Amino acid sequence: MSETEPRTLNFLEQIIEADIAAGKHGGRVGTRFPPEPNGYLHIGHAKSICLNSGLAREYKGTFFLRFDDTNPAKEETEYVESIIDDVKWISGDDLKDRIFFASDYFQQMYDWAEELIRKGKAYVCDQSPEQMKENRGTPSEPMKPSAGREFPPEKNLELFRQMRDGKFAEGERTLRAKIDLASPNFNMRDPVMYRIIKAEHHRTGAKWIIYPMYDWAHGLEDAIERITHSICTLEFEHHRPLYDWFLDQIDEFSKPGAYRPRQYEFARLNLTYTVMSKRKLLELVKGKFVSDWSDPRMPTICGLRRRGYTPESIRAFCKEIGVARMNSMIDVVKLENAIREDLNKRALRRMGVLKPVKLVIENYPEGQTEMLDAVNNPENEADGVRQVPFSKVLYIEQDDFLENAPKKYFRLTPGQEVRLRYAYYVKCTGCVKDDAGNVIEVRGTYDPETRGGSSPDGRKVQGTIHWVSAEHAVNAEVRLYDRLFTKENPDDPQDLKDYKEYLNPNSLEIVADAKLEPSLAQASPAEKFQFERIGYFCVDSVDSTPEKPVFNRTVSLRDSWAKVEKKG
RNA sequence: UACCUGGUAGUGUAACGGUAGCACAAGGGAUUUUGGUUCCCUUUGUCGGGGUUCGAAUCCCUGCCGGGUAACCA
């Protein structure tokens, strides 16, 4: 898009530009991505990462990664490491000096909690979780207050310090905000600010046994980090009044002209044929439906990376789908389109056959080998040319020969001439079958005048097929991935129990005896290839060797044979 | 049920009182040493009903439909 074209702004860009114009925060923009380290990141998180880091980049602001590690019972260092890798990879940001932890602010948050208690805005409650639930009330009935609500601040302060010092058991006491017992927004009915958790925290160890709740912590974290636009998903909409209320109670953030972050919500990403809930993804791993979190069929960021997605394609996808407050379901083909478009420009083309059958060139000299030039990438001349060996016995795709072909079948069938890409024109003379009637060898003759793939007399062929010299071929394992689910919306809450029914049993097909061009033996994990007419592949670094490389399929091209069938 | 929120082609997303546009999908055609790519063309839309206005996707009222929330999770 050129600078002169009218640029359409999404609603967040409009808000930010209005804030900059009004001189809020001195025109500065600060965003953050605040995951809890309790699982692996998936494509849904990628939307948030792209949004937050993209806005910071667009308005020359700052982007932070902040771990919202306020619940030690659920969090682990393993997740911290994977999240840092994934955020760096997706955002293309080195995150240097911009990784923070909510746990680093525990003392500051504690001090502010005492401030609220002293002001009579918070109190220690002695109700059990069950009692609290019972007393919560209904939309028409207010909450029943607990005794601590009327205690003097000094007494609550003492009780709170006892909570901190371990005088109570888990669940015995909480610190609650004194707000509104009858609010129609249940989040405002005296929400819990601190609870007792006697678990080892992955960063602070046993230092704390009281931990702040999300609502109390999040706005403070944003304020400490001078976040200007705190962007979260729609389900936090009802928490916004609380977010503001807490900041209102603290002198530092409520005095006139004080610094204030604001919360804005956007609709989370839903993708067709994709499960996005962490819980269900965990079930897929635990139930061995996939190998692990980075299985290429998983919608996790590490899974997409292993599948062959590029960060550029994911960023392009996120930009394409836009951002709004309307719940939506995005067709997964949109994501596939993004990687196809990216790879089409950069993937190196290579020849390979997945299901090989021999093609013998009857009139080609026995024992002769010649090297032929092949273009690496027709989309980019700078990628140059490589040489591929040609000989009398080749492998071609089984599907590229059909004894009784329908109309519009452009490949090998007796009497028909096709082009072997970058090599010669070959006319099919027949085939050899085994006792069961299976084709075990295709036979043909070549025209020596057509070296390189064009004929001096200008005659045309309709089909161009790929091939590999049998003697020189690399044996490879190729893993073809299909959708994990057959149901359009497996994440639908109704299907919670039985979503396993919708698993696609053919989601992984391993082709063990694929034959590839010799140059692919040295392929590295960072490289992406397109096997002519089959699809885009990347090297799977796990147990891949030069003798037998392992390739993962990224996206398939259109199924050409289905097209012929449909038309014929 | 209560409260909050949203409704623009098949799917997403613009238009912010003034010509309903874009992408993907679908269909057709041209080019092609990948049945890929590229290029061109076409089909399809403002949830319903009222009102305000010269003029409404946009503002108001009302109905309908969708989503969220009612954790000592985030």
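Residues numbered from 1 in each chain as written. Chains lettered and ligands numbered in written order. Predicted model: local features only at pLDDT ≥ 70, side-chain atom pairs only at ≥ 80, totals over all residues. Heavy atoms only, no water.

1. Things to note about the protein's contact with RNA strand B
Put simply, the test is: If a single non-hydrogen atom of a residue is within 4 Å of a molecule or strand, that residue counts as near it. In protein, a polar contact means a hydrogen-donor-capable atom and an acceptor-capable atom, both N or O and within 3.5 Å, with residues adjacent in sequence counting only if both atoms are side-chain atoms; elsewhere, any N or O pair within 3.5 Å suffices. A run of H or I in DSSP counts as a helix once it spans at least four residues, and a run of E counts as a strand once it spans at least two, with each numbered from the N terminus. All amino acids are sorted into three groups, where Ala, Val, Leu, Ile, Met, Phe, Trp, Tyr, Cys and Pro are nonpolar, Asp, Glu, Lys and Arg are charged, and the leftover types, Gly among them, are polar.
Neighbouring residues of RNA strand B: 63 residues in total, closest Gly171, Arg349, Gly452, Gln530 and Arg533. Taking all atoms of RNA strand B within 4 Å of the protein, the share assigned to sugar and phosphate is 65%. In the environment of RNA strand B, a sugar or linking oxygen lies 2.6 Å from a nitrogen or oxygen atom belonging to the side chain of Arg419. Contacts to RNA strand B include Tyr422, whose backbone N or O atom sits 3.2 Å from a base oxygen. Those elements that place two or more of their residues in the surface near RNA strand B are helix 5 (129–135), strand 6 (192–196), helix 12 (311–321), helix 13 (332–346) and helix 14 (560–567). Ranked by residues supplied to the surface near RNA strand B, first place goes to helix 14 with four residues. Of the residues contributing to the surface near RNA strand B, the split by class is 21 nonpolar, 21 polar and 21 charged.

2. Focus: the sheet that holds strand 1 (residues 30–33)
Which entries qualify depends on this criterion: Pairing between two strands requires that DSSP report at least two bridges joining them. Helix axes are fitted to C-alpha atoms over the stretch in contact, other axes to C-alpha atoms as well, and angles between N-to-C directions run from 0 to 180 degrees. Contacts are residue-level and defined by heavy atoms, with any inter-residue pair within 4.5 Å sufficient.
On the basis of which strands lie adjacent, the open sheet formed by three strands has the order 1-2-3 and parallel pairing. The open sheet has two edge strands with one neighbour each: strand 1 and strand 3 (99–101). This sheet shows a mean twist of 35 degrees between the axes of neighbouring strands, independent of strand direction. In this structure, strand 2 (residues 62–67) lies alongside strand 3, joined through three bridges in parallel fashion. Looking at strand 3, one finds that Arg66 is bridged to Phe100. Packed on one face of the sheet, helix 2 (residues 43–58) meets strand 1 and strand 2 and runs near 160 degrees to strand 1. Helix 3 (residues 77–91) contacts strand 1, strand 2 and strand 3 of the sheet and is inclined by roughly 160 degrees relative to strand 2.

3. Let's talk about the environment of Glu547
We count it as follows: For the exposure calls, accessible area comes from a 1.4 Å probe over protein chains only, and a residue counts as buried if that area is under 20% of its type's maximum, exposed if over 50%, partly exposed in between.
Checked against the element boundaries, Glu547 lands in the loop between strand 24 (535–539) and strand 25 (550–556). Assessed through its relative accessible area of 61%, Glu547 is described here as exposed. Separated by 344 residues in the primary sequence, Glu547 and Arg203 have C-alpha atoms spaced 44 Å apart. In this structure, Glu547 is in contact with Val474 and Asn475, ignoring residues within four places of it in sequence.

4. Some remarks on the packing of helix 7 (residues 214–224) against helix 8 (residues 240–249)
The relative placement of two packed helices comes down to the angle between their axes together with the axis-to-axis distance. Which entries qualify depends on this criterion: In these notes the angle categories are as follows: under 35 degrees is roughly parallel, over 145 is roughly antiparallel, 65 to 115 is roughly perpendicular, and the rest is oblique. Helix crossings fall into two classes, left-handed where the near helix is turned counterclockwise from the far one by less than a right angle and right-handed where it is turned clockwise.
Between helix 7 and helix 8, the shortest axis-to-axis distance is 9 Å and the interhelical angle comes to 65 degrees. Between helix 7 and helix 8, the interaxial angle falls into the category roughly perpendicular. The way helix 7 lies across helix 8 gives a crossing that is right-handed. Here Asp215, Trp216, His218, Gly219, Leu220, Asp222 and Ala223 of helix 7 lie close against helix 8, whose contacting residues are Leu242, Tyr243, Phe246 and Leu247.

5. Thoughts on helix 2
Which entries qualify depends on this criterion: An expected span of 1.5 Å times one less than the residue number is assigned to each helix.
With 16 residues, helix 2 should cover 22 Å at 1.5 Å per step; its first-to-last C-alpha distance of 22 Å lies within 8% of that length. After helix 2 finishes, the residue Lys60 shows a positive phi value of roughly 50 degrees.

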